[in-house]
Amino acid sequence: MNLFGFLRQRPAFTTRQFAHAQGVSLSSASRKLKTLSHGASAPLIAVTRGVWAQPQHASFTPYGLVPLLLGNEQGYISLLSALQRHGVISQIPQVIQVATTGHGRKLECAAGSYEFFHFDSRMIRGGMEWLDLAMPYGLATAEKALLDALYLSVRKGQRFSRFPELDLSVLEEKKFMALLRAQVTLGVLRKAILKKWESLRG
């Protein structure tokens, strides 16, 4: 595929994907991409090592960068970001929050701000939907996003101890409870989450 055809089809991509499509080595691909990312009118930005994006592309969305940023980790958009997407909260978070099996970290780049929260692998199973868009990504269901937030609030103490105003009518209690039983096996943690759930319900 020629260079311009590749860029038309890919709002974001990795150096490896570019190298494979162009039939060049990783080092040659990296040099070419660095050239394309220089200058005020450059079509590309370097998001992080090995990940590139075209924010002006018609199909670009910062949410769609998440699978590339996760790499080999399992994960999806969750917590306040997912709650807002589902209409549980109205306030748009300034940072895209991601649940991951990898280490917790933050990333600030020209394409957006991201915060990754570490979860045990059993917490990553279930409660996520894959959005098959031009830039596909995983999004926690409303119930799962709230469970993830409550889980962190009882584990970390300070994070998510307070929430914006929540519209709990969007959530299905049966789905929330099923996820809680399946993913939180430690009784002490489950009781603490249930206590937080009841306090939110008033």
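Up top is the structure these notes are about.
An account of the accompanying structure is given in this report. Quantities reported herein were computed from a predicted structural model and do not represent experimental measurements. (Residues numbered from 1 in each chain as written. Predicted model: local features only at pLDDT ≥ 70, side-chain atom pairs only at ≥ 80, totals over all residues. Heavy atoms only, no water.)

1. Looking at the layout of surface pockets
Then, in step 1: What the largest pocket holds in volume is close to 500 Å³.
Then, in step 2: As for the largest pocket, its lining consists of 19 residues, and the residues nearest its centre are T48, R49, G50, V51 and L68.
Then, in step 3: Sorting the residues of the lining of the largest pocket by element identifies α2 (15–22), α3 (26–36), β2 (45–48), β3 (51–53), α4 (66–70) and β6 (105–109) as the ones contributing at least two each.
Then, in step 4: Here the residues of the lining of the largest pocket sort into eight nonpolar, seven polar and four charged. (1 Å grid on protein atoms, 1.4 Å probe; cavity = no way out; pocket = protein on both sides within 12 Å on 5 of 7 lines; lining within 4 Å. Points joined across faces, edges and corners; volume = space filled by probe spheres on them. Helix = DSSP H or I, 4+ residues; strand = E, 2+ residues; numbered from the N terminus. Nonpolar A, V, L, I, M, F, W, Y, C, P; charged D, E, K, R; others polar.)

2. Structural notes on the side chain of K144
Then, in step 1: With respect to the element layout, K144 can be found in helix α7 (residues 142–156).
Then, in step 2: A polar atom in the side chain of K144 sits 2.5 Å from the side chain of Q183.
Then, in step 3: Dropping the residues within four chain positions of it, K144 is found in contact with Y76, S78, M123, G126, G127, L179 and Q183. (Polar contact = N/O pair within 3.5 Å; in protein donor to acceptor, adjacent residues only side chain to side chain. Contact = heavy atoms within 4.5 Å.)

3. A few points about α2
Then, in step 1: Regarding α2, the residues found buried are T15, F18 and A19. Buried residues along α2 cover an arc of 100° about the axis, so they all sit on one side. Seen from the buried face of α2, the exposed residues on the opposite side, beyond 90 degrees, are R16 and H20.
Then, in step 2: Summarising the contacts, the buried residues of α2 are in contact with α1 (3–9), β1 (12–14), α3 and β3. (Buried < 20%, exposed > 50% of the residue type's maximum accessible area, 1.4 Å probe, protein only. Arc of directions from axis to C-beta.)

4. Considerations on the pairing of β6
Then, in step 1: As paired strands, β6 and strand β7 (residues 112–118) are joined by five bridges and run antiparallel to one another. Across the sheet, the residue bridging to R105 is F116, located in β7.
Then, in step 2: Between β6 and β7, which follow one another and run antiparallel, lie two residues. (Pairing = 2+ DSSP bridges.)

5. Quick notes on the sheet that holds β1
By way of backbone hydrogen bonds, the strands of a sheet pair with one another, either parallel or antiparallel.
Then, in step 1: In space, the three strands of this open sheet follow the order β1-β3-β2, with antiparallel pairing throughout. Looking at which strands have only one partner, the edges of the open sheet turn out to be β1 and β2. Here the average twist between neighbouring strands, direction ignored, is 30°.
Then, in step 2: Here three bridges tie β2 to β3, and the two strands are oriented antiparallel to one another. Opposite I45, over in β3, you have A53 as the bridge partner. (Axes fitted to C-alpha atoms, helices over the stretch in contact; angles between N-to-C directions.)

6. Things to note about the packing of α2 against α3
Then, in step 1: Close contact between α2 and α3 brings their axes to 9 Å; oriented N to C, the two are set at 105°. Between α2 and α3, the interaxial angle falls into the category roughly perpendicular. In contact with T15, R16, F18 and A19 of α2, α3 contributes L26, A29, S30, K32 and L33. (Parallel < 35°, antiparallel > 145°, perpendicular 65-115°, else oblique.)

7. What to know about the packing of helix α8 (residues 173–183) against helix α9 (residues 187–201)
Then, in step 1: As a packed pair, α8 and α9 sit with axes 11 Å apart at the nearest point and diverge in direction by 160°. With respect to their mutual orientation, α8 and α9 come out roughly antiparallel. Remark: the crossing between α8 and α9 carries right-handed chirality. Judged by residue contacts, E173, F176, M177, L180 and R181 of α8 engage R190, I193, L194, W197 and R201 from α9. (Left-handed = near helix turned anticlockwise from the far one by under 90°.)

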